[in-house]
Each structure stands twice: as structure tokens, then as C-alpha cells.
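A closer look at the structure
These are the residues of each chain, in order.
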Amino acid sequence: MVELDDLKAIILLSHLTDPMLEKLVDITLTMEHSAGDYIFRDGDYARYLYAIIEGKVGLELEKTANVPVMMDTIGRGRTFGFSALVDTEQKKYTTHARVLADTKLFAWEGTELEMLFYQHYEMGFLFMKRIAKIAKTRLQIRNVQFLDIYG
Amino acid sequence: MENPYLPYPARIDSVVTETEDRNLKTFKLVFLNSEDRGKFIHRAGQFAELSVAGKGEIPIGIASSPTEQGYLLFTVNQVGVVTGALHQMEAGDTIGVRGPLGNWYPWERMEGKNVVIIGGGFAFTTLRASIIYMLHPENRSRFGDITVIYGARTPGMLLYKDELAAWNERDDIRMHITVDAADDPDWKYNVGFVPTITQEAAPSAKEAYALICGPPIMIKFTLPILSELGFPPERIIMSLEMRMKCGIGMCGRCNIGTEYVCKDGPVFDLAHMSRLPNEY
Ligand SMILES: Cc1cc2nc3c(=O)[nH]c(=O)nc-3n(C[C@H](O)[C@H](O)[C@H](O)COP(=O)(O)OP(=O)(O)OC[C@H]3O[C@@H](n4cnc5c(N)ncnc54)[C@H](O)[C@@H]3O)c2cc1C
Ligand code: FES
């Protein structure tokens, strides 16, 4: 059984009200993966949005064939797999997601989330607004990293 | 009274190239005159002026802990005339050391408290001195939990790699090492920006001090996270790197408002800094 407090520990969900989180509980899956597993690979159909309850996942891009570069590691409370929600036609993941340490996740099927948001506009608005903020912060951070700040 | 402008002569004992771009080197210095060793008593957080004959003098943070006796360590990034000349020098060469200068991290206030160390790039030098100091068997019990968050561009650009790996194995210090990107398949730490990793590591602000050193833009993104975590401004401690000349509050080169960074700093808490004119 998914507890509301566990959902509140996810940064993306921390602004939703209890009644909204209760609606989310019904479509929340929990999954476990072992270190070394790939949760998805670049180009796979983007079915789920994920959030980490425990563990660590690395997002990788292939610089050239079979030469992956890790772009981000996602730990407790953070979310990945936005393609399941924000792509409109071809939902495809754009990185590999490799499990670095045994990981417990929440997962939501993108189409189910969309259905929920059509029924509950306010919740959808708050959810997508938060996604936009997280995406903006990640973009800002990428820009800063692009500046090669450490000298 | 001794002339405060007079450097102590020191011999370069060894030089270690720290980073894959070969632009950062750590110099181990030993005083030529053994009595000078007794006069140079520093605290972690202080700096010294290093002089190369015919080139000039530059402020550099002291990277060794006061508990490492008989030598001093300085890690120098090659950017210009004096740092370039230093990088040409080898073991056996002589340079001048003037100091110790400036204030230090507030060790008395931090006693009994948890300490969160946040560093980026080559500004990790006095933080290394602080970690070594706190981990010393005589000092470890004087501090609570120690958490370290340290970031660099790539794994090869991290300083003090062997020490980082050794600290990572210990259970009395929590390490969160991170880089901007990693193409090493065996990379076992984090990838991401220091502020993000700080948010993820979420060190408790309860009875805790944060020491933060790094590029200004890293600090700018990290401060809001520390304050979200509940760190009050007087428990966020920073070290400033202003242009300096005399290092002893005489020439006026390094002032911010009425404060001289060389003498009143370089270590300030955020509460103090927010009362200064925004020139740093
Ligand atoms: C308290 C303090 C501690 C420091 N600790 C360290 C350290 O541990 N390791 C280290 O490598 N450096 C440290 N620095 C910075 C170091 O002092 C400068 O990089 C050095 O003075 C440059 O001298 P140079 O003759 O090689 O460069 P110059 O030939 O004078 O200048 C070359 C380039 O470096 C820039 N520059 C010069 N001085 C500074 C400065 N203070 N800050 C930023 N950019 C500067 C110039 O704008 C120019 O672009 C510290 C500075 C201070 C004030
Ligand atoms: S460097 Fe001379 S007053 Fe600070």
C-alpha cells in the first residue's frame, strides 16, 4: 500500500494536497531494480514516469556507439522519465537509465496520469507546473555546467 | 618585532600533479630554517603569501592541516605570471612563504556541532585542511557528523583523489563526490551539480555549520538550498578570494566597505557578508 507520506517525500509531489495525492495513490506502482539493471534505454517507448524512493539511477547518453557518458545521477526524492508525460506523439526516452545501487521506485504510466489530469484540471495544472519548474532548474544547471565553472 | 613583509624561505620537497589537465599542482614545502617552523602556526582556513623571486607574491590557501606537522601544502592553479612560474619549479627549488594570514573557520563555535563541507573545483584546498584536521584522532570526537559534498568537472579534475577514496571508505564521514559528466564506466559516485547533490544529500541543519568554498555561481545556487534545509545565515561560512597585495590590512587593495578581506577575512559568515556592500 502506497502511503501519502511516501509520496510527499517526492520533490515533484510535495506541493500537492492530500486529496490530490489520494487520487494519485490508485495509479501509483512500486518497482524494485537491482544494481546494473537498465530501467529503460535511449529510444525505448516512454511508458512510465519514475520517482526514487531509495537508491540511485544514472542517466546516460551514448557519445558514440557503446561509449556511454553519465549525465546525471538521480537519488532519493527525485524524478526521471519525463518523456512519458511531456512528449505528445512519439513518447520515447532520450537517455539510458542504469541502476547504480539497488533501487525502489514509484512509477506512473504516462497515459493514466494524463487521464487523471483531464478529470482533475487543477491537480494536472499543479503537477505540470512543478514539472516545468524542475525542468527549468535542470536546464539552468546544465547551462551553468556548460560554462565549465570549476576552472 | 618581526618585519611582517619578510617571507620565510622554504624548499619545495615534492610536487604532485593533481588533475588530468595538469593545471593544478600541490607543492609540499619545508622551511629552510627549522626555527621558522615554530613561528608558522596556522589554523585551517588561513592562507599564506607565496613569493617567487623576480615574479611576485600571491595569496594561496593553506591546504595542509595544522595536525600535519613539519611541512605545508599548497595547491596552485596555473592562471598567470606567479602561478605559472611556480608550476615551472621542481623539488629542491626555494620559494618564500609569508604568513599565516587572515582568519580561519570558526573552530571554537563549531565544536560539538555537525559540519557540512561543500566545495567545488580547486577551491577545495582549505576544506581539505579542515577535513584532515577534524578527522585527526585527537579532534574527531570534538565534532558531530561530518558530511562532505565536493564537485568537479570530470573525475580527472578532482583534487586529492586518493584521500577522497580513503574518506569514502570510512564510516565517520559521509562523502558525496560529484562531477558534471563521467565517461568512466567504473565511476561509482554521483553525476550532477553540487547544489542538486546538496539537495539530495539533505544534510540536517540541526546543530550544524556549513562551510562552502567554490566558484561564485556554485555558491549562488547552493545558498537557497542550504536555507531551504534550515541553515541560518550565521551558520553558513564562506571564504572569499579577493585580489590582494600586502595580506596584512595595510595597502587597502582588498577592502569591501570597511572590511579588509586579507585581515578580517577571508572567512566570513553569510550573516556578516549580507551586511557588507555587494562588491564581492
Ligand atoms: C585568500 C585567497 C586564497 C587563495 N587560494 C588559492 C589556492 O589555494 N589556490 C590557487 O590556485 N589560487 C588561490 N587564490 C587565487 C590566487 O591568489 C590567484 O590565482 C593568483 O594571485 C594569480 O596570480 P598570477 O600572478 O599567477 O596571475 P596574474 O598574472 O596576476 O593574473 C592572471 C589571471 O588570473 C586572474 N587573477 C589574479 N588574481 C586573482 C584572484 N585573486 N582571484 C581570481 N582571479 C585572479 C587575473 O584576472 C588574470 O586573468 C587565492 C586567493 C586568495 C585571495
Ligand atoms: S591586501 Fe593589503 S589591505 Fe588587504
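Read on for a plain summary of the structure. (Residues numbered from 1 in each chain as written. Chains lettered and ligands numbered in written order. Predicted model: local features only at pLDDT ≥ 70, side-chain atom pairs only at ≥ 80, totals over all residues. Heavy atoms only, no water.)

All right, on to the interface of chain B and chain A then. With 28 residues of chain B at the contact, the number on the chain A side is 24 residues. Summed over both partners, the interface of chain B with chain A comes to about 2200 Å²; 55% of that surface belongs to carbon and sulfur atoms. Taken together, the links from chain B to chain A amount to three salt bridges. Taking the shortest distance from any N to any O, the salt bridge between Arg153 of chain B and Asp148 of chain A comes out at 2.7 Å. (Contact = heavy atoms within 4.5 Å. Buried area = accessible area lost by both parts, 1.4 Å probe. Salt bridge = Lys/Arg side-chain N within 4 Å of Asp/Glu carboxyl O.)

Here the focus is the site of ligand 1. Residues and elements named next belong to chain B. Around ligand 1 sit 20 residues, and of these Pro59, Thr75, Asn77, Thr83 and Arg243 come closest. Separating an oxygen atom of ligand 1 from a backbone N or O atom of Gly80 is a distance of 3.2 Å. Within the side chain of Thr125, an N or O atom sits 3.4 Å from an oxygen atom of ligand 1. If ligand 1 stood free it would expose 880 Å²; the protein chains cover 73% of that surface. When contributions to the shell around ligand 1 are tallied by element, the ones reaching two or more residues are strand E4 (56-61), strand E5 (72-77) and helix H2 (81-88). The element best represented in the shell around ligand 1 is E4, accounting for four residues. Split into classes, the residues belonging to the shell around ligand 1 amount to twelve nonpolar, six polar and two charged. (Near = heavy atom within 4 Å. Polar contact = N/O pair within 3.5 Å; in protein donor to acceptor, adjacent residues only side chain to side chain. Areas by Shrake-Rupley, 256 points an atom, 1.4 Å probe, with all protein chains shown as cover. Helix = DSSP H or I, 4+ residues; strand = E, 2+ residues; numbered from the N terminus. Nonpolar A, V, L, I, M, F, W, Y, C, P; charged D, E, K, R; others polar.)

This part covers helix H2 (residues 18-25) of chain A. Residue and element names in this part refer to chain A. Buried residues of H2: Met20, Leu21, Leu24 and Val25, and no others. Take H2 and look down its axis: the buried residues cluster within an arc of 150°, on one side only. In this fold, the buried residues of H2 make contact with helix H1 (4-8), strand E6 (96-109), helix H4 (110-119) and helix H5 (121-146). (Buried < 20%, exposed > 50% of the residue type's maximum accessible area, 1.4 Å probe, protein only. Arc of directions from axis to C-beta.)

Below, the discussion takes up the packing of aromatic side chains. Counted under the stated rule, the structure contains 18 aromatic pairs over all chains. Arranged with centres 6.0 Å apart and planes meeting at 40°, the rings of Phe106 of chain A and Trp108 of chain A form a pair that is tilted. For Trp108 of chain A, a relative accessible area of 0% puts it in the buried group. The lysine or arginine in question, Arg41 of chain A, covers the ring of Tyr38 of chain A, its NZ or CZ lying 3.8 Å from the ring centre. In this structure, Lys28 of chain B packs its charged tip against the face of Tyr71 of chain B, placed 4.5 Å from the ring centre. (Phe/Tyr/Trp six-rings, centres within 6.5 Å; stacked < 30°, edge-to-face > 60°. Lys NZ or Arg CZ within 6 Å of the ring centre and 35° of its normal.)

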